[in-house]
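Notes for the structure review
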Amino acid sequence: MGSQAEDQDLSRSSAAKYSLKYFENKMKVGLGTGSTAEALVQEIAARNLQNELDLTFVSTSTRTTKLADSLGLRISELSEVKHLDLVLDGTDEFDSGLSLIKGGGGALLQEKIVASSADSMKVIASISKKVDVLGKFPLPIEIIRFGWVSTLERLDNLFASSGITFNSKSMRTEDNKFYVTDEGHFIVDYSFEQIHDPYALEQLINQIVGVVECGLFVGLCDQVITGTRDGIIEVFDCDG
Ligand code: 5RP
């Protein structure tokens with residue numbers, strides 16, 4: 001039996017390998033962010049799929065772009081490509097309705113923009129990301145730097161007045177400084193424990209002045225492909 005980290009690696013890479021079957025000739029594809037998306041990018045490069053299928057890629061982060069560049073993949077700007085056939089991304093959690101919590105890797109804003117520009121969003125993940133109720137993973141909320149303390153106050157007041165309880169919140173940090181996203185914002189992670197109505201919570205949070213986006217992805221993902229360390233694949237559909 002391998003370590004938990006080894007299991008995660010193997011399950012991610014089996015899901016990533018399986019997801020290659022969704023590529024078709026001349027497709028425009030969004031590439032997600034995180035270790036699972038990176039496993040996918042490595043597979044694409046190793047099999048020379050960009051040239052073989054004449055694929056156009058758009059990236060969801062500087063992290064993914066850097067890796068893709070280093071492996072010889074060509075990345076286009078979303079503003080030039082405009083519309084995508086498919087986006088393949090990872091997730092931090094998913095439920096049976098395929099609502100997601102994303103943003104553990106800090107790229108939730110670009111990921112949501114890219115997913116919203118695609119005909120289909122497929123998520124690849126290890127089976128350990130499946131939950132009955134979203135919320136164990138702290139929900140990332142991307143906020144504008146200017147006046148961030150007031151924005152947090154507005155968020156806390158909103159939750160209090162809406163009867164929504166959270167266990168804790170923390171500003172995301174990196175190297176002892178506030179983490180700054182690719183678009184120059186901060187992230188605050190709220191631990192709710194249980195999110196019973198992800199759509200309602202997403203709408204509520206996104207109406208707050210100073211909030212750019214939150215990591216709830218509702219109605220965007222149409223399939224989740226999970227793998228296990230033994231290469232067993234399970235595909236979850238929107239209605240399944
Ligand atoms: C980045 C994300 C990632 O998809 C999410 O954090 C999952 O990452 P990993 O594949 O490393 O488990 O949302 O913003």
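Residues numbered from 1 in each chain as written. Predicted model: local features only at pLDDT ≥ 70, side-chain atom pairs only at ≥ 80, totals over all residues. Heavy atoms only, no water.

**As for the nonpolar core**
Counting 23 residues, the largest nonpolar core has Phe 23, Leu 31, Leu 40, Ile 44, Phe 57 and Leu 73 as its most contacted members. Counting residues per element, the ones that place at least two in this core are α1 (4–19), β1 (28–31), α2 (35–46), α4 (62–70) and β4 (84–89). Broken down by element, this core gets its largest block of residues, five residues, from α2. For Leu 40, the contacting residues outside a window of four places in its chain are Ala 16, Ser 19, Leu 20, Leu 31, Leu 88 and Ile 124. Membership of the second largest hydrophobic core comes to 22 residues, among which are Ile 143, Ile 195, Val 211 and Leu 216. (Core = buried A, V, L, I, M, F, W, Y, C linked by side-chain atoms within 4.5 Å. Buried < 20%, exposed > 50% of the residue type's maximum accessible area, 1.4 Å probe, protein only. Helix = DSSP H or I, 4+ residues; strand = E, 2+ residues; numbered from the N terminus. Contact = heavy atoms within 4.5 Å.)

**Re the packing of aromatic side chains**
Working definition: an aromatic ring pair is given by the centre-to-centre distance plus the angle between the planes. Enumeration according to the criterion identifies 12 aromatic pairs in this entry. Centre to centre, the rings of Trp 148 and Phe 178 are 5.0 Å apart; their planes meet at 80°, and the pair counts as edge-to-face. Here Trp 148, found in helix α7 (residues 148–161), pairs with Phe 178, found in strand β11 (residues 177–178); they are 30 residues apart in sequence, far enough to count as distant. A residue is classified by how much of its surface remains accessible, and Trp 148, at 25% relative accessible area, is partly exposed. Relative to Phe 166, the ring of Phe 159 has its centre 6.0 Å away and its plane inclined at 70°; by these criteria the two rings are edge-to-face. The class of Phe 166 is partly exposed, set by a relative accessible area of 26%. Here Lys 102 stacks its cationic end above the ring of Phe 217, 5.7 Å away from the centre of that ring. Between the NZ or CZ atom of Lys 122 and the centre of the ring of Tyr 22, over which it lies, the distance is 4.9 Å. (Phe/Tyr/Trp six-rings, centres within 6.5 Å; stacked < 30°, edge-to-face > 60°. Lys NZ or Arg CZ within 6 Å of the ring centre and 35° of its normal.)

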